[in-house]
Amino acid sequence: MRIPVYLQIVTGMLLGILAGIVALHTGGESIVSHWIKPWGKLFIRLLQLVAVPLVFISLVKGVAELSDVSRFSRIGLKTVALYLTTTVFAVLLGLALVSVVKPGRFVDSAKTTALEESYRGKVGEMAQMQQESEEPLRFLDEIIPDNIFSALSDNRRMLSIIFFALLLGTATLSVGREKAEPVLKLLHSLNDIVLKMIEYIIRLAPGGVLALMAGLVVDFSGDIGIFSALATYAATVAAGLLMLSFGFYPLLVHCFTPLPAKKFLKEIYPAQLVAFTTSSSAATLPITMDTARNKLGVSEEVTSFVMPIGATINMDGTSCFQVISIVFIAQVLGLNLGMEQLLVIVLMTTLSSIGTPSIPSGSYVVMTMVLTAAGIPAEGMALILGVDRPLDMLRTSVNVTGDLTVASMVDKGKRHRIRRVPK
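This is a predicted model, so every value here is computed, not measured.

Participant: Explain the overall build of the protein to me, please; I cannot follow it from the model alone.
Facilitator: Assigned secondary structure in the protein consists of 19 helices and zero strands. For the protein, restricting intrachain contacts to residue pairs at least 6 apart in sequence, the fraction spanning at least 24 positions comes to 85%. Surface accessibility of the protein: about 18900 Å² in total, with carbon and sulfur atoms responsible for 65%.

If you want it as structure tokens, here you go:
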């Protein structure tokens, strides 16, 4: 029987920690630094390699396939607006939590200073960016590229890539289904190919995590504070996700639909459980559509339009998780984020959520992209990979809850006469 990938990753993390501890006690730090850690960096580079094609293709495909918007223009615009609004709230909630809790503070300050010295170049770049950010509209230069090919070759210009992808997808949608059909077929094929590439790379995750964790243990010289920081980080993520599931979404349902919040939570529990166990919004889609139709009383018209779109562009749980993870990594590495970096993180986390594949561990790829764009070393992602599996399960459950919430809200607003659902 094949061992699940998440168990392989956890095993790799534990073996990496063990290898690092052994190296510290036997004087083998140089072996880890020169012969083991580089393999972890190669794993990160593989994730970065597929980030641009994944986000670009997913965004163009997602927008271009909104062909039903012409028929359901009001439903379509409201759906996209609600999904983006809930995503922005999730990102801001995550940013607020990680800024208040500061899980990176548990790492020894001397070790943080040493890491900051290691990344002196990055610190200098970020300081320069903060000085240049005095121009209030400077961020527009980062959004609108003068040459898309140069932007595509630079992971740090992902806002430009996202803008062009949205523009191209909108233009593809506007020319009509018949003219766009060849492009849509190509996008489908490319999307399947890129997802297969990601599947191959994720198979290498256990070895990559082992190498990265061994390097981290050596870098931190066995500092126990990193584990306290990691536990606090995981608790912060879990708190944010639970606040979305059992606070934010029920409040929206209570205020904007005829459904009682308690009934809503009771009826969607099976879908949440399936999402939790599969870690895939796509795999859960049949269950969520059935729940929307038969348990929540959402019309077939709204269900068939809103739910598939939600599985593609609504990643509230993932967005909340990503912003907490990115700021946590910066805290551990001693990198002070200015307003421009925080704005880039908020914008990119929101927009790139549309391009996050609805498969287990699909957020790894997008996170490397956001880290690079914000000037944070992507290698820092090694800090969180070992504890990511339960958080991945939880955030997928949040994503599905958000889909069902928006479907209920859109259906309520669509009907002239609201049909009350009994308690």
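What follows picks up the thread again.
Participant: Please clarify how the nonpolar core should be interpreted in this entry.
Facilitator: For soluble globular proteins, the rule of thumb is that nonpolar side chains tend to be buried together. Counting residues in hydrophobic clusters, the biggest one holds 112 residues, and the most contacted among them are Tyr233, Val306, Phe328, Ile376 and Leu404. Here this core takes 13 residues from helix H2 (residues 29–64), the largest share from any one element. Ignoring sequence-local partners within four residues, the contact set of Val306 consists of Ile75, Thr79, Tyr83, Val406, Ala407 and Val410.

Participant: Can you help me understand a nonpolar patch on the surface in this one?
Facilitator: A contiguous nonpolar surface patch, about 340 Å² in accessible area, is contributed by Leu186, Leu190, Ile193 and Met197. Tracing the backbone through its elements, the reader meets Met197 in helix H9 (residues 177–203). Met197 gets classed as partly exposed once you look at its relative accessible area, which sits at 35%.

Participant: Explain the side chain of Thr291 here, please?
Facilitator: Note that Thr291 resides in helix H13 (residues 281–294). Excluding residues that lie within four positions of it along the chain, Thr291 makes contacts with Glu267, Ile268, Ala271, Leu296 and Leu404.

Participant: Would you take a moment to explain the packing of aromatic side chains for this structure?
Facilitator: Enumeration over the complete set of coordinates arrives at four aromatic pairs. Ring geometry for Tyr233 versus Phe328: centroids 4.7 Å apart, planes at 15°, classification stacked. Within this pair, whereas Tyr233 is found in helix H11 (residues 225–256), its partner Phe328 is found in helix H15 (residues 316–332), the two being separated by 95 residues in sequence. Judged by relative accessible area, which is 0%, Phe328 ranks as buried. Members of the aromatic cluster, each reached through a chain of ring pairs, are Phe89, Phe248 and Tyr249. Sitting above the plane of the Phe321 ring, Arg395 keeps its charged end 3.7 Å from the centroid.

Participant: Sorry if this is basic, but what is going on with the packing of H2 against H9 here?
Facilitator: For any two helices packed against each other, the geometry comes down to the angle between their axes and how far apart the axes lie. Close contact between H2 and H9 brings their axes to 9 Å; oriented N to C, the two are set at 155°. Relative to H9, the element H2 lies roughly antiparallel. The handedness of the crossing between H2 and H9 comes out as left-handed. On H9, the residues touching Phe43, Leu46, Leu47, Val50, Pro53, Leu54, Ile57, Ser58, Val60, Lys61 and Ala64 of H2 are Leu184, Leu187, His188, Leu190, Asn191, Val194, Leu195, Met197, Ile198 and Ile201. Looking at the contact of H2 with H9 residue by residue, the class counts come to 17 nonpolar, three polar and one charged.

Participant: For this particular structure, what's the right way to read the confidence of the model for the protein?
Facilitator: Do not read the fine detail of predicted coordinates wherever pLDDT is low. On average, residues of the protein score 78 in pLDDT, and 79% of them reach the 70 mark or higher. By mean pLDDT, the top-scoring element of the protein is H11 (90), and the lowest-scoring one is helix H5 (residues 120–132) (46). Low pLDDT, under 50, characterises residues 119–127; the predicted model gives this stretch 13 contacts beyond four residues in sequence or across chains. Here residues 415–423 is modelled with pLDDT under 50, and outside its nearest four sequence neighbours on either side it reaches 15 contacts, counting other chains as well.

Participant: I'm lost on unusual backbone geometry in this one. Help?
Facilitator: Phi is positive for Lys102, which is not a glycine, with a value near 50°. Examined against the element boundaries, Lys102 turns out to sit in the loop between helix H3 (73–101) and helix H4 (109–118).

Participant: Any chance you could explain the pattern of salt bridges here in plain terms?
Facilitator: Where side chains of opposite charge bring their charged atoms close, a pairing between them can arise. One pass over the structure, following the stated rule, counts three salt bridges. Put simply, Arg177 and Glu181 hold a salt bridge, and the shortest N to O gap is 3.3 Å. Highlighted residues: Arg177 and Glu181, both in helix H9, separated by four residues, approximately one helical turn. By relative accessible area, which is 45% here, Arg177 ends up partly exposed. The partner of Asp392 in a salt bridge is Arg395, and the shortest N-O contact between them spans 3.5 Å. Placement of the pair is Asp392 and Arg395 together in helix H19 (residues 388–414), with a separation of three residues, close to one helical turn.

About the cut-offs
Residues numbered from 1 in each chain as written. Predicted model: local features only at pLDDT ≥ 70, side-chain atom pairs only at ≥ 80, totals over all residues. Heavy atoms only, no water. Helix = DSSP H or I, 4+ residues; strand = E, 2+ residues; numbered from the N terminus. Contact = heavy atoms within 4.5 Å. Areas by Shrake-Rupley, 256 points an atom, 1.4 Å probe, with all protein chains shown as cover. Core = buried A, V, L, I, M, F, W, Y, C linked by side-chain atoms within 4.5 Å. Buried < 20%, exposed > 50% of the residue type's maximum accessible area, 1.4 Å probe, protein only. Patch = residues over 30% accessible without salt bridge, like charges linked within 9 Å, V, L, I, M, F, W, Y side chains within 5 Å. Salt bridge = Lys/Arg side-chain N within 4 Å of Asp/Glu carboxyl O. Phe/Tyr/Trp six-rings, centres within 6.5 Å; stacked < 30°, edge-to-face > 60°. Lys NZ or Arg CZ within 6 Å of the ring centre and 35° of its normal. Axes fitted to C-alpha atoms, helices over the stretch in contact; angles between N-to-C directions. Parallel < 35°, antiparallel > 145°, perpendicular 65-115°, else oblique. Left-handed = near helix turned anticlockwise from the far one by under 90°. Nonpolar A, V, L, I, M, F, W, Y, C, P; charged D, E, K, R; others polar. pLDDT = per-residue confidence, 0-100.

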